[in-house]
Amino acid sequence: MIGITADNKLKRLIVVGDRVLIKPKDPSDRTSSGLYLPPTVQEKEEIRSGYVIKVGPGYPIPNPTEDEPWKETEEKVKYMPLQAQEGDVALYLQRNAIELQYEGEQYVIVPQGSILMLERLEEL
């Protein structure tokens, strides 16, 4: 059995469907003018940002029907891939996020439809 290290601990996780695993950025506890915000105000922010860690396979696409229904076919599920990729910075709606803690780290799982914008480091 392979030992779990900091490098491969997330490789065991499988994100399903159109979900995206995000590591949230630490919310700023100050306003632009320098005032400190209480934690209750930070929790009510609707839009948050974070780093995309893992991405699900996407939206399942139905197989086309064939003219010969008696013919046995191997049903392979095909997926339409998501726009989000590992390493992107995502702006997402907090109200649709599911918060979880895994191996002592805080993460959120967000459906692709809740991601408002992606920032990718490579050129488009």
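This text follows the structure it describes.
Residues numbered from 1 in each chain as written. Predicted model: local features only at pLDDT ≥ 70, side-chain atom pairs only at ≥ 80, totals over all residues. Heavy atoms only, no water.

Draft legend 1. Quick peek at the overall build of the protein chain. Secondary structure assignment for the protein chain yields one helix and eight strands. Helices and strands appear in the protein chain in the N-to-C order β-α-β-β-β-β-β-β-β. Per-residue burial for the protein chain yields a buried fraction of 25% across its 124 residues. In the protein chain, 72% of the contacts between residues at least 6 apart in sequence involve partners at least 24 apart. Carbon and sulfur atoms make up 54% of the accessible area of the protein chain, which totals about 9700 Å². (Helix = DSSP H or I, 4+ residues; strand = E, 2+ residues; numbered from the N terminus. Buried < 20%, exposed > 50% of the residue type's maximum accessible area, 1.4 Å probe, protein only. Contact = heavy atoms within 4.5 Å. Areas by Shrake-Rupley, 256 points an atom, 1.4 Å probe, with all protein chains shown as cover.)

Draft legend 2. Highlighting the nonpolar core. One finds Val-20, Ile-22, Val-52, Leu-82, Ala-84, Ala-90, Tyr-92, Ala-97, Val-108, Val-110 and Ile-115 forming the largest nonpolar core, which totals 11 residues. Residue assignment for this core shows that the elements contributing at least two residues are β1 (19–24), β5 (89–93) and β7 (105–111). In terms of nonpolar packing, the next biggest core, distinct from the first, is built from five residues, Leu-10, Leu-21, Tyr-102 and Tyr-107 among them. (Core = buried A, V, L, I, M, F, W, Y, C linked by side-chain atoms within 4.5 Å.)

Draft legend 3. Fine view of a nonpolar patch on the surface. Together, Ile-47, Leu-116 and Met-117 make up a nonpolar patch on the protein surface, roughly 290 Å² of accessible area in all. Inspection of the secondary structure assignment puts Met-117 in strand β8 (residues 115–119). Here Met-117 falls in the partly exposed class, since its relative accessible area comes to 48%. (Patch = residues over 30% accessible without salt bridge, like charges linked within 9 Å, V, L, I, M, F, W, Y side chains within 5 Å. Salt bridge = Lys/Arg side-chain N within 4 Å of Asp/Glu carboxyl O.)

Draft legend 4. Quick look at the packing of aromatic side chains. This structure, assessed with the given rule, holds zero aromatic pairs. Over the aromatic face of Tyr-107 sits the side chain of Lys-23, whose NZ or CZ is 5.6 Å from the ring centroid. (Phe/Tyr/Trp six-rings, centres within 6.5 Å; stacked < 30°, edge-to-face > 60°. Lys NZ or Arg CZ within 6 Å of the ring centre and 35° of its normal.)

Draft legend 5. The arrangement of the sheet that holds β1 in detail. With respect to topology, six strands assemble into an open sheet ordered β6-β7-β1-β2-β5-β8, the strand pairing being antiparallel. This sheet does not close on itself; its edge strands, each paired only once, are β6 (98–102) and β8. Strand-to-strand twist in this sheet, taken as the mean axis angle between neighbours without regard to direction, amounts to 40°. By the bridge criterion, four bridges tie β1 to β7 in an arrangement that is antiparallel. Paired with Ile-22 across the two strands is Val-108, which belongs to β7. (Pairing = 2+ DSSP bridges. Axes fitted to C-alpha atoms, helices over the stretch in contact; angles between N-to-C directions.)

Draft legend 6. Here's a closer look at the side chain of Gln-112. Structurally, the position occupied by Gln-112 is in the loop between β7 and β8. Residue Gln-112 is classed as buried on the basis of its relative accessible area of 11%. Residue contacts for Gln-112: discarding those within four places in its chain leaves Asp-18, Val-20, Tyr-59, Leu-82, Gln-83 and Ala-84.

Draft legend 7. How the structure looks around the pattern of salt bridges. As enumerated under the stated definition, the model contains five salt bridges in all. Across the pair Lys-23 and Glu-105 runs a salt bridge whose closest N-O atoms are separated by 2.7 Å. Highlighted residues: Lys-23 in strand β1 and Glu-105 in strand β7, separated in sequence by 82 residues. Ionic pairing is found between Arg-95 and Glu-46, a salt bridge with its closest N-O pair at 3.4 Å. Within this pair, whereas Arg-95 is found in the loop between β5 and β6, its partner Glu-46 is found in the loop between α1 (39–43) and β2 (47–55), the two being separated by 49 residues in sequence. Note on accessibility: Arg-95 and Glu-46 belong to one class, exposed.

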